[in-house]
Amino acid sequence: MAGNESGSPVRYALVDCDPGVDDTLALAMGFASPFFRYDAVTTVHGNVSARLAYRNARRLTAFLRDHLESPVLDVPVYPGASLALDGSRMNRSESRAIHGPEGMGAMFDKKRRLPRPGRGSSKPAWEVMVEEAARRGSALTIITLGPLTNLALALRRAPGVFTRVKRIVVMGGAARMPGNVTPAAEFNIYCDPLAAKEVFSSGLPVTMVGLDVTRRALLRVDEFEGGGPFRAAIRDLIKVYARFAKKRRGAEDITLHDPLALAVAMRPDLVETTPCRVDVDASRGIARGMTVVELRENRGSRVKNPVDVALDLDVKGFLAFFISHLRKYRGWDEDEK
């Protein structure tokens, strides 16, 4: 395996996302860290359509590259699935209220020059996942920040290659609390419950970072006040997101769902996990998308193909980790150009 200058092995990551405000914050945090080398970003239907997810990700990778002090990034973006495995399509009216009509708040509105899009490709996301798993093996971590359609398609085509990956970190699901899109279901799982069911039952090393921990990952919006042009761009990104939070919860803070999942891929110690059997209701009924998590005492050790379910979070540690990485961008502070 290739190594870095210090001689330690290189760790690779593939991020599957549907940008999305919190996807954007997750990639900003992740790209600022030397922990992973990012070979690819794949996109999927979810917060926005598959078309918008692909466009947003290409704009975003270019924007982050242009503002990072180091390293210089040119991460290729690959388009993914536009529908759930069962052919269903989400009603995105609430997503538009949360993320803005095109998914990224006002980050790329008319007052800000649009970056030249980053590298794109016509190769489908599932194919890229298969290739990366075969090429990188145990050096690869896959982080999914949207519905699991792309990964399920990849597993259907070449399940054997994924047995060698280091870990799959999934932002999605809920073990001990209600959902956020229905009383039963978390959004990413609800978008494609059949795909989630196949991933969680695959026997692969999966960590579920769901609402039990992400709902505690709250950041006050005043962290984004002041500063230079990069912080202003992030402030524009979260405006709609924060306004929705204030209307829904009465507090103008933002929930860092996706950044937490990516942070856990780098810092597993930020959460406490329990091995559990996880099943998903893939019906068209009232419980569609519900993650049924086996939490009864002493059942985990006897579960076949357990999923590591995150149930507790070091809130202060995570928030410090997140902000410390955003500070690495030129234009976070006012005196930077």
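Located above this text is the structure these notes cover.
Cut-offs and rules
- Residues numbered from 1 in each chain as written.
- Predicted model: local features only at pLDDT ≥ 70, side-chain atom pairs only at ≥ 80, totals over all residues.
- Heavy atoms only, no water.
- Helix = DSSP H or I, 4+ residues; strand = E, 2+ residues; numbered from the N terminus.
- Rg over C-alpha atoms; globule rule 2.2 N^0.38 Å.
- Buried < 20%, exposed > 50% of the residue type's maximum accessible area, 1.4 Å probe, protein only.
- Contact = heavy atoms within 4.5 Å.
- Lys, Arg positive; Asp, Glu negative; His and termini not counted.
- Salt bridge = Lys/Arg side-chain N within 4 Å of Asp/Glu carboxyl O.
- Pairing = 2+ DSSP bridges.
- Axes fitted to C-alpha atoms, helices over the stretch in contact; angles between N-to-C directions.
- Core = buried A, V, L, I, M, F, W, Y, C linked by side-chain atoms within 4.5 Å.
- Parallel < 35°, antiparallel > 145°, perpendicular 65-115°, else oblique.
- Nonpolar A, V, L, I, M, F, W, Y, C, P; charged D, E, K, R; others polar.

Colleague: Before we go on, may I ask you to explain the overall build of the chain in this structure?
Modeller: Summing up its helical and strand segments, the chain has eleven helices and twelve strands in all. Against the compact-globule benchmark of 20 Å for 337 residues, the chain has a radius of gyration of 19 Å, which places it among compact chains. When burial is assessed residue by residue, the chain has 56% of its 337 residues classed as buried. Taking the contacts inside the chain whose residues are at least 6 apart along the sequence as the reference set, 83% of them involve residues at least 24 apart.

Colleague: Looking at this model, I keep getting lost on the side chain of aspartate 23. Mind explaining?
Modeller: On the secondary structure map, aspartate 23 appears in helix H1 (residues 21–31). Buried within the structure, aspartate 23 lacks any salt-bridge partner; its nearest side chain of opposite charge belongs to arginine 92, at an N-O separation of 11 Å. Apart from the residues lying within four places of it in its own chain, the contact partners of aspartate 23 are Cys17, Asp18, Asn47, Leu145 and Asp258.

Colleague: Would you mind going over the sheet that holds strand E4 (residues 140–144) with me for this structure?
Modeller: The pairing of strands in a sheet happens through backbone hydrogen bonds and is either parallel or antiparallel. Strand order in the open sheet made by the eight strands is E3-E2-E1-E4-E5-E6-E12-E9, with mixed pairing throughout. Looking at strand neighbours, the two that pair on one side only are strand E3 (77–78) and strand E9 (271–276), the edges of this open sheet. Bridge count for strand E1 (residues 12–17) against E4 is five bridges, and the pairing is parallel. Across the sheet, residue tyrosine 12 finds its bridge partner in E4, namely leucine 140. Lying on the sheet, helix H10 (residues 257–266) is in contact with E1, strand E2 (37–43), E4, strand E5 (167–171), strand E6 (206–209), E9 and strand E12 (307–313); it crosses E5 at an angle near 165 degrees.

Colleague: What should I look at first to understand unusual backbone geometry in this one?
Modeller: Across residues other than glycine, the phi torsion is negative in most instances, and most of the peptide bonds are trans. Backbone torsion omega between proline 19 and glycine 20 reads -15 degrees, so that peptide bond is classified as cis. Summarising the element assignment, glycine 20 is placed in the loop between E1 and H1. One non-glycine residue, asparagine 305, lies in positive phi territory at about 55 degrees. With respect to the helices and strands, the residue asparagine 305 is situated in the loop between strand E11 (291–293) and E12.

Colleague: Any chance you could explain the nonpolar core here in plain terms?
Modeller: As a rule of thumb, nonpolar side chains are buried together in soluble globular proteins. Phe31, Ile254, Phe318 and Phe322 are the most contacted members of the largest nonpolar core, which has 66 residues in total. No other element matches helix H9 (residues 229–249), which puts eight residues into this core. With residues up to four places along the chain from it excluded, the contact list for phenylalanine 322 reads Leu25, Met29, Leu219, Phe224, Leu256 and Pro259. Counting 39 residues, the second-largest nonpolar core is a separate cluster that includes Val128, Ala158, Ile168 and Ala195.

Colleague: Just to check I follow, could you spell out the environment of serine 82 for this structure?
Modeller: Here serine 82 shows up in the loop between E3 and helix H3 (93–99). Sequence-wise, serine 82 and aspartate 236 are 154 residues apart; in three dimensions their C-alpha atoms are separated by 27 Å.

Colleague: Any chance you could explain the packing of H10 against helix H11 (residues 315–326) here in plain terms?
Modeller: When two helices pack together, their arrangement is given by the angle between their axes and by how far apart the axes lie. Two numbers describe how H10 lies on H11: the axes approach to 11 Å, and their chain directions differ by 95 degrees. Of the possible angle classes, the one that applies to H10 and H11 is roughly perpendicular. Note on element contacts: H11 touches H10 through Phe318, Phe321 and Phe322, opposite Pro259, Leu260, Ala263 and Met266. Partitioned by chemical class, the residues of the contact of H10 with H11 number seven nonpolar, no polar and no charged.

Colleague: Teacher, can you tell me more about helix H5 (residues 149–157) here?
Modeller: Because an α-helix completes one turn every 3.6 residues, residues spaced three or four positions apart along the sequence face the same direction. Taken across its nine residues, H5 has seven buried, putting it largely inside the fold. Among the residues making up H5, those that are buried are Thr149, Asn150, Leu151, Ala152, Leu153, Ala154 and Leu155. For H5, the elements touching its buried residues are E1, E2, helix H4 (125–136), E4, E5 and helix H7 (193–200).

Colleague: Whenever I open this one, the pairing of E6 confuses me. Can you help?
Modeller: Looking along a regular strand, one sees the side chains alternate between the two faces of the sheet. In E6, alternate side chains face the same way, and those of Val206 and Met208 on one face and Thr207 and Val209 on the other are all buried. Inspection of the sheet shows E5 paired to E6 by four bridges, in the parallel sense. Its bridge partner being in E6, methionine 171 is matched across the sheet by valine 209. Across two bridges, E6 lies against E12 in parallel orientation. Bridged to methionine 208 within E12 is valine 309.

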